[in-house]
Amino acid sequence: MISNSKQNHRVVSGMRSTGALHLGHYHGVLKNWVEMQYEHECFFFAADWHALTTHYKDPSQVPQHVTEMVVDWLAAGISPSSSTIFLQSQVPEHAELYLLLSMLTPVSWLERIPTYKDQQEKLKQHDLSTIGFLGYPLLQAADILIYKADLVPVGEDQVSHIELTREIARRFNFVYGKESDFEARAEKAIVKMGKKSAKMYRNYRKAYQETGDKEAILKGQALLDAQRNISVGDRERLFGYLEGISKIILPEPNAILTNASKMPGLDGQKMSKSYGNTIPLRSSADDVDKGIRTMPTDPARMRLTDKGDPEKCPVWQLHLVYSDKARREWVQEGCTNAGIGCLECKKPVIEAVQAELDPMRERAVMFEKDPEAVRNIIIEGSEAAREIARETLDDVVEAMRFSNFS
Ligand code: TRP
Ligand code: SF4
């Protein structure tokens, strides 16, 4: 069985460094990361090179943004003892893999990715007819493949990038995964698993190759996951042999869709910096108080005695995030019968947001006071990430038979 132990799943995710984060990021991404760090081996990084693809004319802001973003992660509860927190540009192996992968990536694969044309249209002021921008998803593929990650938590808009990552991995494995004596080595590896497992493996392989039984593949993979006495190389061979292809050097990752953030902004639209409707994670208690107090409500409720409709009120959206059933009923009842005032209705939301932000503010202050600690977390994380990235790169170069030195 594939177990959920930390050893078996490796999670990688990055965020472009664009400055301080807000509650939309928290509910959309960070909360998920915080949970995942306790279940899986997690690598979270600030994608400063990705920020550079659009901000290459003014890169001087990027380092400042990185620090702000990482402090927000730490404030939100991402912990350097449960996850590896690092900076993309501190792990140059990402760039090296990107370069090698670029050799076998057709330009058309990148041109047809929906975000390419979309963003070019949207961000006209940035002049994005660059190789760097075209290569954005390829760099992302390298970010993921360099850790042989199996899970990548991303939003819906990133699914095409993960699909590309899978295609590139497949292509790489196909082109370079053919050892001349692959079959013989795979057969030897089967025997090493012991009689019982070997027999099961052969049955699964046969079932898949003869009838395309997908279930058999999954069972075969689980069987391999559970093997403790075969080498990494043999395991990779057997994964490839199971499907009848070739050695798998770069495993194909899966996207896990993070629930699109339901976090509404202060005006009821999606919370986003470009709409100017955010609650930053490090906003003061006063700002939160004022921001929510002055939120627009159902325009029908001019006076306290006017009845309203929560569906027409952005505050209701916040109740959907923060309130339990009983309180929601209280809102429904009080609003539609003019039994409560809007300020009264907002009060529990304000309290809930403050309660959510309080521990974050506390942690943030700690790290704001100690920039050296933040720096060290990033440096240590980057060193740890580098070690793993280096190993993958060695495998890659070896599979390509490209080096005299490894
Ligand atoms: N492109 C991602 C975004 O805009 C950020 C990112 C860069 C990323 N590299 C990654 C996400 C690797 C997951 C894995 O959100
Ligand atoms: Fe909105 Fe609540 Fe006022 Fe109704 S009572 S309009 S839900 S703030």
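Residues numbered from 1 in each chain as written. Chains lettered and ligands numbered in written order. Predicted model: local features only at pLDDT ≥ 70, side-chain atom pairs only at ≥ 80, totals over all residues. Heavy atoms only, no water.

## Some remarks on the overall build of the chain
Step number 1: Looking only at helices and strands, the chain has 18 helices and 5 strands in total.
Step number 2: Taking the principal axes of its C-alpha atoms as reference, the chain extends roughly 85 × 50 × 40 Å.
Step number 3: Across the chain, every contact between residues at least 6 apart in sequence was considered, and the portion connecting residues at least 24 apart equals 77%.
Step number 4: Here the chain contributes 51 positively and 57 negatively charged side chains, and the mean placements of these two sets differ by 4 Å. (Helix = DSSP H or I, 4+ residues; strand = E, 2+ residues; numbered from the N terminus. Contact = heavy atoms within 4.5 Å. Lys, Arg positive; Asp, Glu negative; His and termini not counted. Charge placed at Lys NZ, Arg CZ, Asp CG, Glu CD.)

## Section: the site of ligand 1
Step number 1: All residues in the neighbourhood of ligand 1 are listed as S13, G14, R16, F45, H50, Y136, Q140, D143, I144, V152, V154 and Q158.
Step number 2: In the model, a nitrogen atom of ligand 1 is placed 3.0 Å from a nitrogen or oxygen of the Q140 side chain.
Step number 3: Q158 places a side-chain nitrogen or oxygen 2.8 Å from a nitrogen atom of ligand 1.
Step number 4: Protein contacts shield 88% of the accessible area of ligand 1, which totals 370 Å² for the unbound molecule.
Step number 5: Residue composition of the shell around ligand 1, grouped by class: 5 nonpolar, 5 polar and 2 charged. (Near = heavy atom within 4 Å. Polar contact = N/O pair within 3.5 Å; in protein donor to acceptor, adjacent residues only side chain to side chain. Areas by Shrake-Rupley, 256 points an atom, 1.4 Å probe, with all protein chains shown as cover. Nonpolar A, V, L, I, M, F, W, Y, C, P; charged D, E, K, R; others polar.)

## Some thoughts on the site of ligand 2
Step number 1: Residues in close proximity to ligand 2 include T297, D298, R301, C313, V315, V331, C335, C342 and C345, which together make up its full environment.
Step number 2: Elements represented by at least two residues in the shell around ligand 2 include exactly helix 16 (325–336) and helix 17 (342–369).
Step number 3: For the shell around ligand 2, the residue count by class is 6 nonpolar, 1 polar and 2 charged.

## So, the confidence of the model for the chain
Step number 1: A residue-level look at the chain finds 97% of positions with pLDDT of 70 or above and a mean pLDDT of 92.
Step number 2: Across residues 1–5, confidence stays below pLDDT 50; counting only partners more than four residues off in sequence or on other chains, it has 10 contacts. (pLDDT = per-residue confidence, 0-100.)

## So, the packing of helix 17 against helix 18 (residues 371–400)
Step number 1: The interhelical angle for the contact between helix 17 and helix 18, taken along N-to-C directions, is 90°, at an axis separation of 4 Å. Of the possible angle classes, the one that applies to helix 17 and helix 18 is roughly perpendicular. Facing helix 17, whose interface residues are F367, E368 and K369, helix 18 presents P371, V374 and I377.
Step number 2: For the contact of helix 17 with helix 18, the class distribution of residues is 4 nonpolar, no polar and 2 charged. (Axes fitted to C-alpha atoms, helices over the stretch in contact; angles between N-to-C directions. Parallel < 35°, antiparallel > 145°, perpendicular 65-115°, else oblique.)

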